[in-house]
Amino acid sequence: MKVKEIFYSLQGEGRFTGTAAVFLRLSGCNLKCPFCDTDHFDGTFMSHEDIMDELVKYPSRHLVITGGEPSLQLEPGFIDMLHEYGYFVQVETNGTHPLPQNVDWITCSPKSKNIVYDRVNELKVVFGSDAVGGNSLLEHLSISVEAEEYYLQPCDTGDKAVNVEILGRCVEYIKDNPVWRLSLQTHKLIDIP
Ligand SMILES: C[S@@+](CC[C@H](N)C(=O)[O-])C[C@H]1O[C@@H](n2cnc3c(N)ncnc32)[C@H](O)[C@@H]1O
Ligand SMILES: Nc1nc2[nH]cc(C(=O)O)c2c(=O)[nH]1
Ligand code: SF4
Ligand SMILES: [Mg+2]
């Protein structure tokens, strides 16, 4: 697989915020979101065994596979291998391409109408970027995806004043639509990876 980076941190977003987690960031994506906060372009080709050797150096068995778009590279056999080593496998996906069925937790953050899921574990919608239609991206995309948990994550625009304005609207939106919960990118707040 083409790997951008492997690192150890706390899950900063959504349901497992604050959980010590190993991150496997895979290279490449099929979308070009204008607000994307991640460099996922180059990378190193690694075998499943090479990746496993890196992951087990860290004590947590919560693995977050992200990217880029991990669904473009993940195979069920690799998830089986992770399970044999005791990992709980959470995957961050844009939802445009199916994931192996043996993934433990799907966190879907849609940006396109072409979503292959009717239901995921966690829906995490980026909120408030003009580039994605302002307030409710889901309404903008006119898709419906069911989930166990629903999060709105204010868009990090890189401009503090704009971020504050987006956060204010996000809070008001959640107060009016209480199925949603706030997901802050807490790793950025405390300056960890
Ligand atoms: C970099 S993406 C990689 C996984 C997958 N391609 C996706 O989009 O879900 C990881 C998470 O960061 C979120 N994200 C990306 N750019 C963001 C930004 N500027 N502000 C807030 N969240 C952002 C995405 O929506 C996604 O939930
Ligand atoms: N700490 C931390 N938590 C995260 N949760 C999802 C991330 C991602 O880039 O997918 C991410 C990330 O980049 N860092
Ligand atoms: S789908 Fe995810 S990784 Fe790809 S460009 Fe959008 S936010 Fe970035
Ligand atoms: Mg990130």
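Looking at an unreviewed UniProt entry, one finds the protein named 7-carboxy-7-deazaguanine synthase, with Muribaculum intestinale as its source organism. UniProt annotates the protein under Sequence similarities (unreviewed entry) with the comment "Belongs to the radical SAM superfamily. 7-carboxy-7-deazaguanine synthase family."

(A) Inspection of the site of ligand 3 at higher detail. Neighbouring ligand 3 are the residues Cys29, Leu31, Lys32, Cys33, Cys36, Thr38, His40, Gly67, Gly68, Glu69, Asn94 and Lys111. When its residues are assigned to classes, the shell around ligand 3 shows four nonpolar, five polar and three charged.

(B) Structural view of the confidence of the model for the protein. Looking at the protein as a whole, the pLDDT averages 94, with 94% of positions reaching at least 70. Note on the complex model: pTM 0.97, ipTM 0.99.

(C) The site of ligand 2, seen in detail. In the vicinity of ligand 2, the contacting residues are Ser9, Leu10, Gln11, Gly12, Glu13, Thr38, Val64, Thr66, Glu92, His187 and Pro193. When the residues that make up the shell around ligand 2 are grouped by side-chain class, the tally is three nonpolar, six polar and two charged.

(D) Structural view of the sheet that holds strand β2 (residues 20-26). Taken together, the nine strands give an open sheet; going across it, the order is β3-β1-β2-β4-β5-β6-β7-β8-β9, and neighbouring strands pair in mixed fashion. Edge positions in the sheet fall to β3 (44-45) and β9 (181-182), since each of these pairs with one other strand and no more. In this sheet, β9 lies alongside strand β8 (residues 146-154) in parallel orientation, the contact comprising two bridges. Bridge assignment links Leu152 to a residue of β9, and that residue is Leu182.

What counts and how
Residues numbered from 1 in each chain as written. Chains lettered and ligands numbered in written order. Predicted model: local features only at pLDDT ≥ 70, side-chain atom pairs only at ≥ 80, totals over all residues. UniProt positions renumbered as here; feature names shortened; annotations may be inferred. Near = placed C-beta within 6 Å. Nonpolar A, V, L, I, M, F, W, Y, C, P; charged D, E, K, R; others polar. pLDDT = per-residue confidence, 0-100. Pairing = 2+ DSSP bridges. Helix = DSSP H or I, 4+ residues; strand = E, 2+ residues; numbered from the N terminus.

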